[in-house]
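Examination of the molecular architecture
In case you want the letters, here they are:
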Amino acid sequence: MDSKIQTPTGMEDILEEEWVFYEMIEKKAKEILKFYNFERIETPILEKKELFLAGIGERSEVIQKEMFTLKTEGETELSLRPEGTVPICRAYIQRGMKEKSQPVKLWYFGPFFRHERPQAGRYRQFWQLGLEILGSKDPVLDAEVIQIFYQILKELKIEDILIHVNCLGDKNCRPYYKKSLTQYFKNKEKSLCKDCQRRLKENVLRILDCKDEKCQRIVSGAPQILDYLCEECKKFFEEFLEYLESISIPYQLNPYLVRGLDYYTKTVFEIFESGEKKLALAGGGRYDDLIEILSKQSVPGTGGAMGVERLIEILKKKIKIPKEKKFLYLACLGKNAKAKALEILEILRKEKIECYFGLGKESLKSQLKLAEKFKVKFCLILGQKEVLENSIILKDMETGLQSTMKIKEAIKKLKQLIKKIQKT
Ligand code: AMP
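Residues numbered from 1 in each chain as written. Predicted model: local features only at pLDDT ≥ 70, side-chain atom pairs only at ≥ 80, totals over all residues. Heavy atoms only, no water.

So, about the sheet that holds strand β4 (residues 77-80). As summarised here, the arrangement of the three strands in space is β2-β4-β3, forming an open sheet in which the pairing is antiparallel. Here the strands that pair on one side only, and so sit at the sheet edges, are β2 (46-48) and β3 (69-71). Neighbour to neighbour, the strand axes of the sheet diverge by 35° on average, direction disregarded. Pairing of β2 with β4, which is carried by three bridges, proceeds in the antiparallel orientation. Bridge pairing links Leu46 to Leu80 in β4. With respect to the sheet, helix α2 (residues 49-56) is in contact with β2, β3 and β4, its orientation differing from that of β2 by roughly 75°. (Pairing = 2+ DSSP bridges. Helix = DSSP H or I, 4+ residues; strand = E, 2+ residues; numbered from the N terminus. Axes fitted to C-alpha atoms, helices over the stretch in contact; angles between N-to-C directions. Contact = heavy atoms within 4.5 Å.)

This is how it looks when you write it as structure tokens:
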């Protein structure tokens with residue numbers, strides 16, 4: 001096919017069969033997040049590039065390789081949002097949310113963009129369900145974030161999951177860990193993959209996340225952050241784990257868990273599908289220094305995001321969405337009948353009688369054929385004669401019996417008939 005009429009690589013149309021799942025996830029999330037006192041927010045798809053540079057860190061892979069950026073006429077560089085936390089922190093500062101009662105709890109559901117190499121479960125446009133809690137240092141909130149993701153997954157009947165947690169320390173203790181890690185990997189530099197040799201100079205923690213088998217073997221003997229945590233971080237992490245245990249969240253400690261974005265402090269977590277693919281369904285953590293980096297105000301925060309397409313892939317295998325059932329077809333013949341049909345459709349809509357209809361089709365025969373194909377129970381048929389008499393034909397598709405009556409009467413009768421069917 002001509003490539004100009006194909007979607008850009010890694011981006012898809014979302015058709016009705018898919019929307020049902022997006023809506024299912026959104027509905028479930030909304031219900032749960034409302035209970036937990038979250039407010040919905042939608043930030044713009046585009047933000048100033050400098051916002052992401054400052055928030056995510058110039059040396060992170062998201063910034064270096066994955067952002068879609070465009071230049072406006074005034075030469076401002078705008079980027080398609082690659083993640084949701086930095087824009088939400090921007091909104092918190094810009095909208096003066098510090099004046100509200102703290103913590104401020106926000107959630108979002110929308111598309112994000114990363115210029116990644118597309119593969120199964122990895123796209124260039126993908127949706128995230130995210131939540132952020134800003135303005136509190138309490139580790140109970142880190143547990144609350146995980147609890148909410150866990151409950152959303154459970155209620156969507158996705159129960160075969162693994163939850164990995166770790167603590168990345170803070171600006172007091174992490175430098176000691178990084179130093180020790182750098183020393184360890186320096187001794188093995190030649191055995192590391194090319195990317196990790198670069199990471200060793202730029203961002204040593206990212207080596208822990210490398211998927212290369214040889215690097216993973218080296219990582220398995222690396223020093224662990226938990227041995228380097230300062231008293232404050234250690235106490236924080238212990239309390240956080242106690243909360244998870246008290247609500248029976250099945251977590252695993254993963255001392256090598258790091259995240260793709262550099263702003264995390266203390267808690268990080270990832271939720272995986274426990275099958276063979278081990279795809280991450282959600283991830284997040286605490287980011288106590290992020291708002292300070294953006295605005296000099298000190299506001300702690302914690303949160304996470306879930307990948308909607310990855311959930312949908314699992315849901316599709318589990319749930320068969322039944323085809324929508326409508327009981328009625330409205331057929332019409334001729335210009336006057338079409339005009340009348342438009343009027344009748346509004347009456348049907350207000351009466352909450354769902355129907356298929358044949359506007360745009362010329363022959364009555366093809367309309368009735370469609371009515372049969374849709375297996376409707378009744379047909380309303382409108383021709384020139386009926387329009388002149390303000391009447392309509394009501395046909396029972398099972399018995400084939402039909403009678404002409406006033407439109408009002410037909411609607412009343414239909415309502416009774418449909419009610420009767422729905423009861424049985
Ligand atoms: P992250 O903050 O990058 O860990 O993203 C959170 C979640 O979003 C991940 O656990 C994935 O489920 C999902 N996700 C991230 N990047 C992509 C992508 N390129 N395509 C599809 N889903 C993604």
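This next bit is on helix α5 (residues 139-155). Its 17 residues give α5 an end-to-end C-alpha distance of 25 Å, which sits within 8% of 24 Å, the value for a rise of 1.5 Å per residue. With respect to burial, α5 is a largely interior element, 13 of its 17 residues being buried. Put simply, Asp138 is the residue that caps the front of α5, since its side-chain oxygen is 2.9 Å from the backbone nitrogen of Val140. (Expected span 1.5 Å × (residues − 1). Buried < 20%, exposed > 50% of the residue type's maximum accessible area, 1.4 Å probe, protein only. Polar contact = N/O pair within 3.5 Å; in protein donor to acceptor, adjacent residues only side chain to side chain.)

This part covers the site of the ligand. The environment of the ligand is made up of 14 residues, and the closest members are Arg114, Glu116, Tyr123, Arg259 and Ala280. Contacts to the ligand include Tyr123, whose backbone N or O atom sits 2.8 Å from a nitrogen atom. Gln128 is positioned with one of its side-chain polar atoms (N or O) 3.0 Å from an oxygen atom of the ligand. Out of a free accessible area of 480 Å², the ligand has 91% covered by protein chains. Going through the elements one at a time, β6 (125-134), β10 (280-286) and β11 (301-307) are the ones with two or more residues in the shell around the ligand. (Near = heavy atom within 4 Å. Areas by Shrake-Rupley, 256 points an atom, 1.4 Å probe, with all protein chains shown as cover.)

Moving on, we come to the nonpolar core. If you look at the biggest cluster of nonpolar residues, it comprises 98 residues, and the most contacted ones within it are Leu129, Ile158, Val165, Phe185 and Leu208. At nine residues, the largest contribution of residues to this core is made by α5. Once residues lying within four places of it in the same chain are set aside, the contact partners of Val165 are Ile146, Phe237, Phe240, Leu241, Leu244, Tyr251, Gln252, Leu253, Asn254, Leu257, Val268 and Phe269. Cys332, Ile344, Cys355 and Ile418 belong to the second-largest nonpolar core, a separate cluster that totals 23 residues. (Core = buried A, V, L, I, M, F, W, Y, C linked by side-chain atoms within 4.5 Å.)

Spatial ordering of the open sheet is given by β13-β12-β14-β15-β16, a layout of five strands whose pairing is mixed. With partners counted over all chains shown, the strands left at the sheet margins are β13 (355-357) and β16 (402-406), one partner each. In this sheet, neighbouring strand axes are inclined to one another by 25° on average, regardless of whether the strands run parallel or antiparallel. As defined by bridge partners, strand β14 (residues 378-382) adjoins strand β15 (residues 391-396) across four bridges and the pair is classed as antiparallel. When the bridges of β15 are listed, Leu380 appears paired with Leu394. Sitting on the sheet, helix α12 (residues 335-350) touches β12 (328-332), β13, β14 and β15, and the angle it makes with β12 is about 155°. Contacts from helix α15 (residues 407-423) reach β12, β14, β15 and β16, with the element oriented near 125° to β16.

On to the domain arrangement of the chain. The assigned domain composition of the chain is domain 1 (3-173 + 229-318) and domain 2 (328-417). Placing a centre on the C-alpha atoms of domain 1 and another on those of domain 2 gives a separation of 50 Å. (Domains from an automatic or database assignment.)

All right, on to the environment of Gly121 then. Here Gly121 lies in the loop between β5 (104-113) and β6. On the basis of relative accessibility, which here comes to 5%, the residue Gly121 falls in the buried class. In sequence terms Gly121 and Glu313 are 192 residues apart; their C-alpha atoms lie 8.2 Å from each other. Ignoring sequence-local partners within four residues, the contact set of Gly121 consists of Leu279, Arg310 and Glu313.

Turning to the packing of α5 against helix α9 (residues 231-246), a few remarks are in order. Where α5 contacts α9, the two axes come as close as 8 Å, and the packing angle between them is 40°. Considered as vectors, α5 and α9 are oriented oblique to each other. Taken as a pair, α5 and α9 cross one another with a handedness that is right-handed. Residues Pro139, Val140, Asp142, Ala143 and Ile146 of α5 form the contact with α9, whose own contacting residues are Phe236, Glu239, Phe240, Tyr243 and Leu244. (Parallel < 35°, antiparallel > 145°, perpendicular 65-115°, else oblique. Left-handed = near helix turned anticlockwise from the far one by under 90°.)

This brings us to the pairing of strand β9 (residues 265-273). Of all nine residues making up β9, nine are buried, and the element is well covered by its neighbours. The pairing of strand β7 (residues 161-167) with β9 spans seven bridges and is antiparallel. The partner of Asn166 across the bridge, within β9, is Val268.

The subject of this paragraph is the state of the cysteines. Within the structure shown, the criterion is met by zero disulfides. No disulfide involves Cys215; its sulfur sits 3.7 Å from the nearest other cysteine sulfur, which is in Cys193. Cys230 forms no disulfide, and the closest cysteine sulfur to it belongs to Cys233, at a distance of 3.7 Å. (Disulfide = S-S within 2.5 Å.)

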